[in-house]
Amino acid sequence: MFDILLTPGAWASLATLTVLEVVLGVDNLIFLSIIAGRLPKSQQKLGRRLGLLAAVVTRLGLLASAAWVVTLTDPVFTLEDFAVSWRDLLLMGGGLFLLAKSTLEIHESVEGEEEEQCGPAKVAKSALAMVVLQIAVIDIVFSFDSVMTAVGMSDHFEIMATAVVIAVIVMIFAAEPVSAFVEKHPTVKMLALSFLILIGVSLIADGLHFHIPKGYLYFAVAFSVGVEALNLWASRRRAERAARKE
């Protein structure tokens, strides 16, 4: 079944698809890190791994039904000259969800409101299930473009599936340090949430047929992260100088 992977052309296609899957999975990894941070400390690692497992299942499911996924671009109804497809509705719904979720997370982080506790074990169990469900749902939205890209670049399910699995393995190793860094630095968490708002706006715009190149979004995020990295470095230097003076 996987003999196709032994050819040089397949290796080149696999490498390209894997890099694309990793790059396109950055926003998903940020969302996963933030939403899993809502869990009790003892369940955060489990939540991230279950979320990534859900990501593998949803992406492989979309790849396996690639012929059906392509039909989602067909118009469902038309408003005057504006044709609306299931893809458009999916992107707009996902974008609105990201806007609402990110705004609520920013509010709770800034206001410091705590959720009521009514049976820690029961709340933790329901929270874990809700986190995994949210990750699985939003991964469908995030995966749509990457699946369409993979279908356009390769005709072999084996290559596409292998690229997805490798990308998720990379995300598994990256999830822990990314989550720890985001939780340690509140300003970085605010930047990550702002990035998710930006992605939400991009998804809504894409659903309305206004395509915003991802390069612009990633440049804005990279610039903001660079500025914040300089701020963190300067803050650490100030702390070191103050410690030496004492």
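See the structure above.
Here's a quick rundown of the structure. Everything quoted here is computed from the prediction, not taken from an experiment. (Residues numbered from 1 in each chain as written. Predicted model: local features only at pLDDT ≥ 70, side-chain atom pairs only at ≥ 80, totals over all residues. Heavy atoms only, no water.)

Side note on the overall build of the protein
Across its full length, the protein holds nine helices and two strands. Going from the N terminus to the C terminus, the protein shows its helices and strands as α-α-α-α-β-β-α-α-α-α-α. Each of the 246 residues in the protein was classed as buried or not, and the buried ones make up 39%. Long-range contacts, defined here as pairs at least 24 residues apart, represent 83% of the contacts in the protein between residues at least 6 apart. (Helix = DSSP H or I, 4+ residues; strand = E, 2+ residues; numbered from the N terminus. Buried < 20%, exposed > 50% of the residue type's maximum accessible area, 1.4 Å probe, protein only. Contact = heavy atoms within 4.5 Å.)

Some words on the pairing of strand S1 (residues 75-79)
Note: S1 against strand S2 (residues 82-85), four bridges, orientation antiparallel. Pairing of Phe77 across the sheet is with Val84, part of S2. In this structure, the hairpin formed by S1 and S2 is closed by a connection of two residues, where Glu80 is found at a positive phi of approximately 55°. (Pairing = 2+ DSSP bridges.)

Regarding the nonpolar core
If you look at the biggest cluster of nonpolar residues, it comprises 40 residues, and the most contacted ones within it are Phe31, Ile34, Leu98, Phe142, Ile199 and Leu203. When residues of this core are traced back to their parent elements, those giving at least two are helix H1 (8-24), helix H2 (26-36), helix H3 (41-64), helix H5 (86-111), helix H6 (120-153), helix H7 (157-184), helix H8 (186-207) and helix H9 (214-245). Excluding its chain neighbours within four sequence positions, the residues that come into contact with Ile34 are Glu105, Val182, Lys189, Ala192, Leu193 and Leu196. (Core = buried A, V, L, I, M, F, W, Y, C linked by side-chain atoms within 4.5 Å.)

Looking at a nonpolar patch on the surface
Together, Val76, Phe77, Leu79, Trp86 and Leu89 line one region of the surface with nonpolar side chains, adding up to about 470 Å² of accessible area. Here the element with the most residues in the nonpolar patch is S1; it accounts for three residues. Considering the arrangement of structural elements, one finds Leu89 in helix H5. (Patch = residues over 30% accessible without salt bridge, like charges linked within 9 Å, V, L, I, M, F, W, Y side chains within 5 Å. Areas by Shrake-Rupley, 256 points an atom, 1.4 Å probe, with all protein chains shown as cover. Salt bridge = Lys/Arg side-chain N within 4 Å of Asp/Glu carboxyl O.)

Details of a positive patch on the surface
Judged by side-chain charge, Lys184, Arg236, Arg237, Arg238, Arg241, Arg244 and Lys245 come together as a positively charged surface patch. Take the positive patch: its biggest share by element is six residues, from H9. Secondary-structure assignment places Arg236 in helix H9. (Lys, Arg positive; Asp, Glu negative; His and termini not counted. Charge placed at Lys NZ, Arg CZ, Asp CG, Glu CD.)

Concerning unusual backbone geometry
Positioned with a positive phi, His209 is a non-glycine residue whose angle comes to about 70°. Residue His209 is classed as partly exposed on the basis of its relative accessible area of 44%.

Topic: the pattern of salt bridges
In this structure the tally under the stated criterion is four salt bridges. Across the pair Arg87 and Asp206 runs a salt bridge whose closest N-O atoms are separated by 3.3 Å. Of this pair, Arg87 sits in helix H5 while Asp206 sits in helix H8, and the two are 119 residues apart along the sequence. No difference in accessibility class separates Arg87 from Asp206, as the two residues are buried.

Side note on the side chain of Ser85
Inspection of the secondary structure assignment puts Ser85 in strand S2. By relative accessible area, which is 4% here, Ser85 ends up buried. Those residues in contact with Ser85 that sit more than four places away from it in its chain are Leu72, Thr73, Asp74, Pro75 and Val76.

A closer look at the packing of H2 against H3
Relative to each other, H2 and H3 sit at 145°, their axes nearing to 9 Å. The two elements H2 and H3 meet at a crossing, and its hand is right-handed. Facing H2, whose interface residues are Asn28, Leu32 and Ala36, H3 presents Gln44, Arg48, Gly51, Leu52, Ala55 and Arg59. In terms of residue class, the contact of H2 with H3 is made up of four nonpolar, three polar and two charged. (Axes fitted to C-alpha atoms, helices over the stretch in contact; angles between N-to-C directions. Left-handed = near helix turned anticlockwise from the far one by under 90°. Nonpolar A, V, L, I, M, F, W, Y, C, P; charged D, E, K, R; others polar.)

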